[in-house]
Amino acid sequence: MAISPLAAESQAIAAEFDFGTEGVRKAVKHFVRQFDDGLTKDGDTMIPSYVTALPDGSEKGICLAVDIGGTNLRVCSVELYGDRTFTIKQNKTTIPHNIRVGSTAQDLFGFIAEQVEIFLRDNYGSSVQRAQTLSKSDHLPLGFTFSFTFHQTAINRGTLIRWDKGFDVPDVVGKDVIVLLQDEINRRKLPVRVTALANDTVGTLMTRSYTSPGGHECILGAVFGTGTNGAYVEKSSNFERLGCKKSPSGKMMVNTEWCSIDDELVVLSKNSYDDEIDKTSTNPGFTMFEKQVSGYYLGELFRLALLDLLDRTNLQGSLAALRPDSVLLRSSGIETATLSAIEGDLDPSLGATRQCLHKQLGVLHATTELAEAVKIIVHAIGLRAARLSGVAIAAVVLKSKCLAQADSHFDIGLEGSLVEYYPGFEHHIRGVLREIPEIGLQGEERIHMGLAKDGSGVGAALIAMVADKEKGETSKCERMPALLEL
Ligand code: BGC
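Residues numbered from 1 in each chain as written. Predicted model: local features only at pLDDT ≥ 70, side-chain atom pairs only at ≥ 80, totals over all residues. Heavy atoms only, no water.

(A) Structural context of the overall build of the chain. When helices and strands are counted, the chain shows 17 helices and 13 strands. For the chain, whose C-alpha radius of gyration is 23 Å, the value lies close to the compact-globule estimate of 23 Å for 486 residues. In terms of overall dimensions, the chain has C-alpha extents of about 75 × 55 × 40 Å along its principal axes. For the chain, the proportion of its 486 residues judged to be buried stands at 57%. The long-range share in the chain, meaning contacts at least 24 apart out of those at least 6 apart in sequence, stands at 72%. Accessible surface, the chain: about 19,200 Å² in total, of which carbon and sulfur atoms supply 51%. If you average the places of the 50 positive and of the 62 negative side-chain charges in the chain, the two averages end up 4 Å apart. (Helix = DSSP H or I, 4+ residues; strand = E, 2+ residues; numbered from the N terminus. Rg over C-alpha atoms; globule rule 2.2 N^0.38 Å. Buried < 20%, exposed > 50% of the residue type's maximum accessible area, 1.4 Å probe, protein only. Contact = heavy atoms within 4.5 Å. Areas by Shrake-Rupley, 256 points an atom, 1.4 Å probe, with all protein chains shown as cover. Lys, Arg positive; Asp, Glu negative; His and termini not counted. Charge placed at Lys NZ, Arg CZ, Asp CG, Glu CD.)

Listed below in structure tokens is the structure:
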């Protein structure tokens, strides 16, 4: 039966996102090679986190944390009860566009410090004023989760290499972000000391290790949200060349920065939509993997592909079929949540998809046929993102050689809107694991995955605590409740 031009064009567009088994296997091998390579040289991937021990669930205490990595800033206080459970109090604020782009270090870090001040005053009120009289060494500890590419040189030192995910504050590049934050905190005379710096993936790894219900060894913390990245457990001896001392555990959590693992496009391929995304991004030529995988870009990929579909099929005069205020006419106007809703629409009449097209995307004639075509495109974009995510995860599984330990089961901590809300995301990741001959069905069944909810915030608190514990000191975090009860 002949298919309609709309169906044919949508299938042609979807085919540009195909990523089959052969491509997956080649990509996994390349990722493992790049991981090995990154461990031998100073680059912007495979960065030591200076976190050398995983929590075991018995950690106790309360600690402040700041988490920045996407459009939102979170300030929290995390209380760990020592029995794999925790509670978190948090304030979430949207970082205004004029602070994220084109501002100065002082504007950005001043904004963060101001949010810390608001959080402390809202939650701890007058005890904060009294705490201002404390000596510096008794100031409240704060773990800082900073989810951008930075060179870490100590648990509390890190210099920004470059921005991504739409951030661009040029004078922060090359500077120590802990110093920038501490300066602004001091300017506001807050009794707070930034004691630990972490990438969100290291926080996710720590959080999953703390909470993991089955108690299986956690081998990876992975984020699939606004951006994407993973952190896993490496031998600390691999970092002695950087002057890192051998840790008592012999381990070092490494931040892979896999978002940039194939910027040379050896195994990734770029279609015309990927090309457009890259050209118009704030970091052309960088984070090419992330630009095909993460939530910051999927909505825009969809927007470009849908405009192309309307154009190719000249649907009722194409652009004339859109409301003038349609988000399809505005770059970065579509959120990944829209794709999740369309992917999750399983009703044969595609009512939810038609409603999305009409209400959210401003398409005037949202017919069932158009909805079917749109669903094909959405599925292709999400499927490629999930399969690529599977590549990065499979590469870490192989690199860790964990499956060589007969019969053991392992855990992976996941965070981010795609793993939390995108229908079928983990299912497709698992499909990729099974396609890798060294993992297969048997290996895939030994890998558990679970959300490390609030991983970035809780992780920063855990890092501050585990770091103190390794040094054999009473954790500053354990002393914090006393400070707040002054
Ligand atoms: C950053 C990583 C971060 C990831 C997930 C990427 O854009 O470079 O450092 O871990 O996003 O938030």
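On we go from here.
(B) Quick look at the site of the ligand. Around the ligand sit 15 residues in total, of which Asp-164, Asn-199, Asp-200, Glu-257 and Glu-290 are the nearest. Between an oxygen atom of the ligand and a main-chain N or O atom of Phe-148, the distance comes to 3.4 Å. Within the contact set of the ligand, an oxygen atom lies 2.8 Å away from a side-chain nitrogen or oxygen of Asp-164. Here the ligand has 310 Å² of accessible area as a free molecule, and 98% of this is covered by the chains. Of all the secondary-structure elements, those providing two or more residues to the shell around the ligand are α6 (200–211) and β10 (228–235). (Near = heavy atom within 4 Å. Polar contact = N/O pair within 3.5 Å; in protein donor to acceptor, adjacent residues only side chain to side chain.)

(C) Region of the structure containing the packing of helix α11 (residues 351–360) against helix α12 (residues 368–400). Two numbers describe how α11 lies on α12: the axes approach to 9 Å, and their chain directions differ by 95°. In terms of orientation, α11 and α12 fall into the roughly perpendicular class. For the pair α11 and α12, contact is made by Thr-353, Arg-354 and Leu-357 and by Thr-368, Leu-370, Ala-371 and Val-374, respectively. Looking at the contact of α11 with α12 residue by residue, the classes come out as four nonpolar, two polar and one charged. (Axes fitted to C-alpha atoms, helices over the stretch in contact; angles between N-to-C directions. Parallel < 35°, antiparallel > 145°, perpendicular 65-115°, else oblique. Nonpolar A, V, L, I, M, F, W, Y, C, P; charged D, E, K, R; others polar.)

(D) A look at unusual backbone geometry. In this model, Met-46 sits at a positive phi of 50°, which is unusual for a non-glycine residue. The exposure class assigned to Met-46 is buried, which follows from its relative accessible area of 2%. The phi torsion at Glu-257 lies on the positive side, around 50°, for a residue other than glycine. Mapped onto the fold, Glu-257 is located in the loop between β11 (251–255) and α7 (272–279). Take Glu-257: its relative accessible area is 2%, and that puts it in the buried class.

(E) Focus on the nonpolar core. Formed by 87 residues in total, the largest nonpolar core has its most connected members in Phe-224, Trp-258, Phe-302 and Ile-393. Residues within four places of Ile-393 in sequence aside, it is in contact with Leu-220, Phe-224, Trp-258, Ile-412, Leu-414, Ile-429 and Leu-433. The next biggest cluster of nonpolar side chains, apart from the first, holds 38 residues, and it includes Leu-64, Ile-68, Val-177 and Ile-185. (Core = buried A, V, L, I, M, F, W, Y, C linked by side-chain atoms within 4.5 Å.)

So yeah, pure geometry; function would need other evidence.
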